[in-house]
Amino acid sequence: MKKFFNSVESVLAESLDGFAAAHADLVALGAERKFIRRRELNPRKVALVSGGGSGHEPLHAGFVGYGMLDAACPGQVFTSPTPDQIVEAAQAVAGDAGVLFIVKNYAGDRMNFEMAAEIAEGRVATIVTDDDVAVENSTHSIGRRGVAGTLVVEKIVGAAAEKGLDLEGCVALGERVNARTRSMGVALTSCTVPAAGTPTFSLGEDEIEIGVGIHGEPGRRRVKLARADAIADEVTTAIVQDLDVRDEAEALLLVNGFGGTPTIELYLMYDAARRMLEARGLRIARSLVGSYVTSLDMAGCSLTVSLLDSETIALWDHPVRTAALKW
């Protein structure tokens, strides 16, 4: 294993210190590194709090700032943050409008955020993201996994909260966006968790995993490496079949790298996916390409399609200033 670290035990702490220092104009590090919060808080808006295991950067800390999250709680690599982290983050950013937890559908995340919601003072509501169409259940979840579509929910709901939407409205909007968002991933290689020092799973030189999870959970099937068009066709077919796509529907297409895939390949996959989605009657109104919800050093990518309307397009276009997204 070749990685940049001083010790396995200090990887997360030193990474958080570096992140907070590099983006000190945008974020501040909470006590004992329990959370990252937005530096300039708005106590009049609904506060958005998310989090999850580390190793998926820039999710979630990279999306803390104006127009998205107010705080993010980093757990250890691929491990949920603890309830006390979440409660302290909520207390640090909460205003009169209440707090909204955005939680990916994994057993540990759901349990710890539910415990935090029971403990935290003030008004707290929760949205659970479950956009992965690959499998109904996996190693860490009951039901569909929450993956890159979480970013879409955070961006659109974050914009609405910034514009003054109340807590109930943010919940309804987030649930609507989640219901109209589907994702599916493909792994070319495994990832390597630093504490383990060896790949999480094994793939042959000519094998890929269709429908892989962001922790390396098994997908739908393991197949021989095929042309990019064939891979994109299988993934977009699964997504479209699961969505209620109407004629000339508008959509966001997110091509997300898992951490070890060059940008040139991500744009190639975007080209393939866009062609195939447009052939099925979708108009790609908005796009995002890059490594935003990663799995450490895994080579591969996921495709996310989110159906849009005039309201969600306007919210997607709303200004955002975070470490990972700025426009």
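Our structure's up above, just so we're on the same page.
Everything quoted here is computed from the prediction, not taken from an experiment.

So, the pattern of salt bridges
- As enumerated under the stated definition, the model contains 24 salt bridges in all.
- Here Glu 209 and Arg 222 are joined by a salt bridge, their closest N and O atoms 2.8 Å apart. Of this pair, Glu 209 sits in strand β9 (residues 207-210) while Arg 222 sits in strand β10 (residues 221-224); the two residues are 13 residues apart in sequence, bridging distant segments of the chain.
- According to the relative accessible area criterion, Glu 209 is buried, its value standing at 5%.
- Taking the relative accessible area as the measure of exposure, Arg 222 reaches 41% and is therefore partly exposed.
- Two residues, Asp 233 and Arg 280, come together in a salt bridge whose shortest N-O distance is 3.0 Å. Taken together, the residues Asp 233 in helix α6 (residues 228-242) and Arg 280 in the loop between α7 (263-279) and β12 (282-290) connect sequence positions 47 residues apart.

Things to note about the packing of helix α4 (residues 149-162) against helix α5 (residues 167-179)
- For the pair α4 and α5, the least separation of the axes is 9 Å and the interaxial angle reads 150°. Viewed along their axes, α4 and α5 adopt a mutual orientation that is roughly antiparallel. Between α4 and α5 lies a crossing whose hand is right-handed. Where α4 abuts α5, its residues Val 152, Val 153, Ile 156, Val 157, Ala 160 and Ala 161 lie against Cys 170, Leu 173, Gly 174, Val 177 and Asn 178.
- Taken together, the residues of the contact of α4 with α5 sort by class into 9 nonpolar, 2 polar and no charged.

What to know about the nonpolar core
- By size, the foremost hydrophobic cluster in this structure holds 59 residues, and its most contacted members are Ile 36, Val 46, Leu 48, Phe 63, Leu 100, Tyr 292 and Leu 325.
- For this core, the elements supplying multiple residues, two or more each, are α1 (11-22), β6 (99-104), β7 (124-129), α4, α5, β11 (249-257), β12 and α8 (310-316).
- When sequence neighbours within four positions are dropped, the list of residues in contact with Tyr 292 reads His 56, Glu 57, Pro 58, Leu 59, Phe 63, Leu 151, Leu 254, Asn 256, Gly 257, Ala 324 and Leu 325.
- Of all hydrophobic cores here, the second largest spans 32 residues; its members include Val 133, Met 269, Ala 273 and Leu 282.

Calculation rules
Residues numbered from 1 in each chain as written. Predicted model: local features only at pLDDT ≥ 70, side-chain atom pairs only at ≥ 80, totals over all residues. Heavy atoms only, no water. Salt bridge = Lys/Arg side-chain N within 4 Å of Asp/Glu carboxyl O. Helix = DSSP H or I, 4+ residues; strand = E, 2+ residues; numbered from the N terminus. Buried < 20%, exposed > 50% of the residue type's maximum accessible area, 1.4 Å probe, protein only. Axes fitted to C-alpha atoms, helices over the stretch in contact; angles between N-to-C directions. Parallel < 35°, antiparallel > 145°, perpendicular 65-115°, else oblique. Left-handed = near helix turned anticlockwise from the far one by under 90°. Contact = heavy atoms within 4.5 Å. Nonpolar A, V, L, I, M, F, W, Y, C, P; charged D, E, K, R; others polar. Core = buried A, V, L, I, M, F, W, Y, C linked by side-chain atoms within 4.5 Å.

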